[in-house]
Amino acid sequence: MKQFIYTLLATVALLGSSCEPVIITENNPDVCFYFGKVTIETTENEATLEMVKPYITVDGIKDESARVSIIYWEALNEASITELTEYTTTEENKIVFTLTGLKTETKYYAYVSVECSYGSEREGFEFMTQKHKPQISTRVRSEFELDRGLFATVKLSEIEYKVDGKDEAIAFVKFEYKHNNGMANNEWVTQEYAGSSINAGRLTIDIPMQGHNYLVEKGKYDYRIIFVPENSDLDTRNVQESEFQTSYAKITSKFTAPIVSLKENYIDASILEAEVFLDGIAASDYDSASPFYGFAYREKRSNEWTIVEAERKSNGIATKIARQDLVEGATYEVRGYISAGKQNFICTSDIVEITLTSNDQPVTPDQPIVPEPPVGGDTSTIEGVWHLTTWRGATPSFEVYLDITATGGITLYQCIESSYWDIFQSTAAIEEGIINGVYTDGTAWATSYYLTVDGDAMTWVDSNDPTDISIYSRSELPEQIPTKDDTRAMTSTRFL
């Protein structure tokens, strides 16, 4: 660190500077003493006196053989009187006296003395040494961990704040950063870390700071590190200022299996839960994320996928794939598709298949066999509470309960797209082993189901999609399920 030396510049015009001669009449010679201008510079412990070398004239003839010295002493301490006769000469033919070993912030008296065989003369002046200015040095070493896009970690080491070579306590360390994207209105984000959090000269800092936005993938940032000492008389020091750049985010995803059904003019495709994560942060919670949500489909065994954009619905996605561009009778593979991050990283779900039948054949060729004997025409045989335990061959990541009455009333309890429970009322009827239902608002179920019961297990198979198999087990309603319909303002996609 640059050390600043404050100097006092004082120019003293000595009484002899007008070159008025001092006449000595002894032996009748005319002797005149000449004193020049003195310039004084002081530090804490030194003083530098620069002047034109004094001289005498004898009968008008210049004589430079006179002895020149500086006599000085500390004010109110005449016992400290000191005489200095050694000096240096500058290129301008001036002489310089250097007074060392002085006391800090102390007043001194001094005079220039000129002595020759004809006598001596002196001219006095005074000066003041400077106040002590602490010599401050600071140090820090920083190492960045930049393997993520939304986060960064800074490890500081060798932290020190020294005054006159001795360690000084640090009140806190300030770490500041701002996005360097060419926008003039970007503000510094500041976080303070108490000195007590520094351990053996080390401190770990996680970015972003609590309460502030995530970092930007491949973003450039300016940063600075500031030390604030406990002693308020000492300076706050900006000890390091530079920049860092984040990496690409690690992209992961979470999908439930796609749900596809054949409609008259399109394939209806949806996924109840489709989310993409950047460094573990859901894209919905990251302002700078702009993922593309869609579905990919292709004719089975084809190499080329077609991408269609999907609508975001709560935690899931949904779209309609027009049948006009598809081949009737062909089997198609469908999967969820998300592109996210600066690298447009692609995430896909599991693949499901659907076969396009002619419009007058609403069921795929691989439809399941209608169970024999069929369940009766009412719902008394399946009365009770049922819990969805298996869906599409796996344990579902959501919760569904059915409370079925003997008279055909079915209450659907679902916790699918959020932490809230949704409740839907419907009435159902069973005919030839197929159960159909209509919600109390007049909306029909999305499909009908082939129904079988085996003891405490009940199986529903989508009549339009044989891969959509739901297995329920007899159960009781959990205590945390609410009893009211209006659990929230937003309506979720109904499971049935």
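Residues numbered from 1 in each chain as written. Predicted model: local features only at pLDDT ≥ 70, side-chain atom pairs only at ≥ 80, totals over all residues. Heavy atoms only, no water.

A. Expanded view of the sheet that holds strand β21 (residues 251-255). If you walk across this open sheet you meet the 3 strands as β21-β24-β25, and the pairing is antiparallel. Of all the strands in the sheet, the pair left with one neighbour each is β21 and β25 (281-282). Looking at chain direction, strand β24 (residues 274-278) and β25 are connected through 2 bridges and run antiparallel. Pairing of Leu-278 across the sheet is with Ile-281, part of β25. (Pairing = 2+ DSSP bridges. Helix = DSSP H or I, 4+ residues; strand = E, 2+ residues; numbered from the N terminus.)

B. Fine view of the layout of surface pockets. The space that makes up the largest pocket amounts to roughly 760 Å³. No other element matches strand β29 (residues 316-322), which puts 5 residues into the lining of the largest pocket. For the lining of the largest pocket, the class distribution of residues is 16 nonpolar, 10 polar and 9 charged. Of the volumes computed, that of the second largest pocket is approximately 370 Å³. What lines the second largest pocket is a set of 18 residues, among which His-179, Val-189, Asn-213, Tyr-214 and Tyr-221 lie closest to the centre. Counting only elements with at least two residues in the lining of the second largest pocket, the list comes to β16 (170-179) and β17 (189-194). (1 Å grid on protein atoms, 1.4 Å probe; cavity = no way out; pocket = protein on both sides within 12 Å on 5 of 7 lines; lining within 4 Å. Points joined across faces, edges and corners; volume = space filled by probe spheres on them. Nonpolar A, V, L, I, M, F, W, Y, C, P; charged D, E, K, R; others polar.)

C. Quick peek at unusual backbone geometry. Each neighbour pair has its own omega, and for Ile-207 with Pro-208 the value is 10°, a cis peptide bond. Looking at the element boundaries, Pro-208 is found in the loop between β18 (203-207) and β19 (220-229). With phi around 50°, Asp-279 is a residue other than glycine that occupies positive phi space. Relative to the helices and strands, Asp-279 is located in the loop between β24 and β25. A relative accessible area of 16% places Asp-279 in the buried class. (Buried < 20%, exposed > 50% of the residue type's maximum accessible area, 1.4 Å probe, protein only.)

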